[in-house]
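Here is what each chain is made of, one letter per residue.
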Amino acid sequence: NAGVMQNPRHLVRRRGQEARLRCSPMKGHSHVYWYRQLPEEGLKFMVYLQKENIIDESGMPKERFSAEFPKEGPSILRIQQVVRGDSAAYFCASSWDREFYGYTFGSGTRLTVV
Amino acid sequence: SQKIEQNSEALNIQEGKTATLTCNYTNYSPAYLQWYRQDPGRGPVFLLLIRENEKEKRKERLKVTFDTTLKQSLFHITASQPADSATYLCAPSETGGFKTIFGAGTRLFVKA
């Protein structure tokens, strides 16, 4: 049981480049959530997805950010034309679809925009 | 708007004592309340979940209470150890785990 796998662990991008963050949920989990955490701040909800569906993207900025969870493969959080303010830790979590027993989080991707 | 408040200051206690962390919420009626532990540079780790119809839940040295009238949860670690030093996050959520809001966390330091 590999848990939630996120990659890369660290990502450095220059301003204006694209960042792609990947998340494979825990085996048996079909719900995926993305959260952002700034230094010394709490986790902020971004988006909630199930396979091929975005359920709730109310926490995601309207521009430059997008997320998907295709039928096959990992969930992807994509940030286009990154700016310094996008530097943060991005965490993915997954949960079981039958009954809610809490989230299993990945180790996160630390994005640094230079 | 929905608001989650946890002790903003760090909690320092002596090894062997009971640590008690508080979580208050406003403008929210969660169906569940979760507690997580987060170590520096790591993802949060799920500890306990308590439902709105449960008053108390225990797991080994951990105990959580949930008072929907006071809109408060208390998280206790008994016989605390230095290894318990971490940030603890409170996270109320709606039915199904939707709309989970995380508190900013309380940093706990347990001194040997």
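For the structure given in this document, a descriptive report is provided here. It should be emphasised that the depicted structure is a prediction, and the values quoted were computed from it without experimental measurement.

Examining the layout of surface pockets
Then step 1. As a volume, the largest pocket reaches approximately 560 Å³.
Then step 2. Along the wall of the largest pocket there are 24 residues; nearest its centre are Gln37(A), Glu40(A), Glu41(A), Thr87(B) and Arg107(B).
Then step 3. Secondary structure elements with two or more residues in the lining of the largest pocket: strand E9 (88-96) of chain A together with strand E9 (86-93) and strand E10 (106-111) of chain B.
Then step 4. In terms of residue class, the lining of the largest pocket is made up of eight nonpolar, nine polar and seven charged.
Then step 5. A volume near 250 Å³ is recorded for the second largest pocket.
Then step 6. Forming the walls of the second largest pocket are 16 residues, and the residues nearest its centre are Leu43(A), Lys44(A), Phe45(A), Ile101(B) and Phe102(B).
Then step 7. It is strand E5 (residues 43-50) of chain A that provides the largest number of residues to the lining of the second largest pocket, a total of three residues.

Focus: the state of the cysteines
Then step 1. According to the stated counting rule, one finds two disulfides over all chains in the structure shown.
Then step 2. In this model, Cys23(A) is linked to Cys92(A) through a disulfide, with the two sulfur atoms separated by 1.8 Å. Handedness of the Cys23(A)-Cys92(A) disulfide follows from its S-S torsion of about -55°: it is left-handed. One end of the pair, Cys23(A), is in strand E3 (residues 19-24); the other, Cys92(A), is in strand E9, with 69 residues separating them in the sequence. There is no split in this pair, since Cys23(A) and Cys92(A) are both buried.
Then step 3. Sulfur-sulfur distance for the disulfide between Cys23(B) and Cys90(B) comes to 1.9 Å.

Overview of the sheet that holds strand E1 (residues 5-7) of chain A
Residues and elements named next belong to chain A.
Then step 1. Here four strands make up an open sheet; going across it, the order is E1-E3-E8-E7 and the pairing antiparallel. In this open sheet, the two strands that pair with only one neighbour each are E1 and strand E7 (65-68). Geometrically, the sheet is characterised by an average inter-axis angle of 15° between neighbouring strands, direction not taken into account.
Then step 2. One ladder, built from four bridges, connects E7 with strand E8 (residues 75-79); its direction is antiparallel. Within E8, the position partnered with Phe 65 by the bridge is Ile 79.

As for the pattern of salt bridges
A side chain with one charge may pair with a side chain of the opposite charge, provided their charged atoms come close.
Then step 1. On inspection of all chains with the given rule, the structure shows eight salt bridges over all chains.
Then step 2. In this structure, the salt-bridge partner of Arg20(A) is Glu18(A), at a minimum N-O distance of 2.9 Å.
Then step 3. Its relative accessible area of 29% is what places Glu18(A) among the partly exposed residues.
Then step 4. Residue Asp84(B) is joined to Arg61(B) by a salt bridge in which the shortest nitrogen-to-oxygen separation is 3.0 Å. Highlighted residues: Asp84(B) in the loop between strand E8 (72-77) and E9 and Arg61(B) in the loop between strand E6 (56-59) and strand E7 (62-67), separated in sequence by 23 residues.

What to know about the interface of chain B and chain A
Then step 1. Listed as interface residues are 21 residues of chain B and, on the opposing side, 20 residues of chain A.
Then step 2. Regarding the contact of chain B and chain A, the summed buried area is about 1500 Å², with carbon and sulfur atoms giving 52% of it.
Then step 3. Applying the counting criterion to the chain B and chain A interface returns six residue pairs in polar contact (both at pLDDT 80 or more).
Then step 4. Elements with a minimum of two residues in the side of chain B that touches chain A: strand E4 (32-38), strand E5 (45-51) and E9 of chain B.
Then step 5. Of the residues in the side of chain B that touches chain A, the class split is nine nonpolar, nine polar and three charged.

Considerations on the nonpolar core
Then step 1. Trp34(A), Met46(A), Leu77(A) and Tyr90(A) are the most contacted members of the largest nonpolar core, which has 23 residues in total.
Then step 2. Listed by contribution, the elements that provide at least two residues to this core are E3, strand E4 (29-37), E5, E7, E8, E9 and strand E11 (109-113) of chain A.
Then step 3. Every residue in contact with Tyr90(A), bar those within four places of it in the chain, is listed here: Gln6(A), Leu21(A), Tyr35(A), Arg36(A), Met46(A), Phe65(A), Leu77(A), Ile79(A), Gly108(A), Thr109(A) and Leu111(A).
Then step 4. Ranked by size, the runner-up nonpolar core spans 22 residues in total, among them Ile4(B), Ile13(B), Tyr25(B) and Leu48(B).

Rules behind the numbers
- Residues numbered from 1 in each chain as written.
- Chains lettered and ligands numbered in written order.
- Predicted model: local features only at pLDDT ≥ 70, side-chain atom pairs only at ≥ 80, totals over all residues.
- Heavy atoms only, no water.
- 1 Å grid on protein atoms, 1.4 Å probe; cavity = no way out; pocket = protein on both sides within 12 Å on 5 of 7 lines; lining within 4 Å.
- Points joined across faces, edges and corners; volume = space filled by probe spheres on them.
- Helix = DSSP H or I, 4+ residues; strand = E, 2+ residues; numbered from the N terminus.
- Nonpolar A, V, L, I, M, F, W, Y, C, P; charged D, E, K, R; others polar.
- Disulfide = S-S within 2.5 Å.
- Buried < 20%, exposed > 50% of the residue type's maximum accessible area, 1.4 Å probe, protein only.
- Pairing = 2+ DSSP bridges.
- Axes fitted to C-alpha atoms, helices over the stretch in contact; angles between N-to-C directions.
- Salt bridge = Lys/Arg side-chain N within 4 Å of Asp/Glu carboxyl O.
- Contact = heavy atoms within 4.5 Å.
- Buried area = accessible area lost by both parts, 1.4 Å probe.
- Polar contact = N/O pair within 3.5 Å; in protein donor to acceptor, adjacent residues only side chain to side chain.
- Core = buried A, V, L, I, M, F, W, Y, C linked by side-chain atoms within 4.5 Å.

The analysis is restricted to geometry; functional conclusions fall outside its scope.
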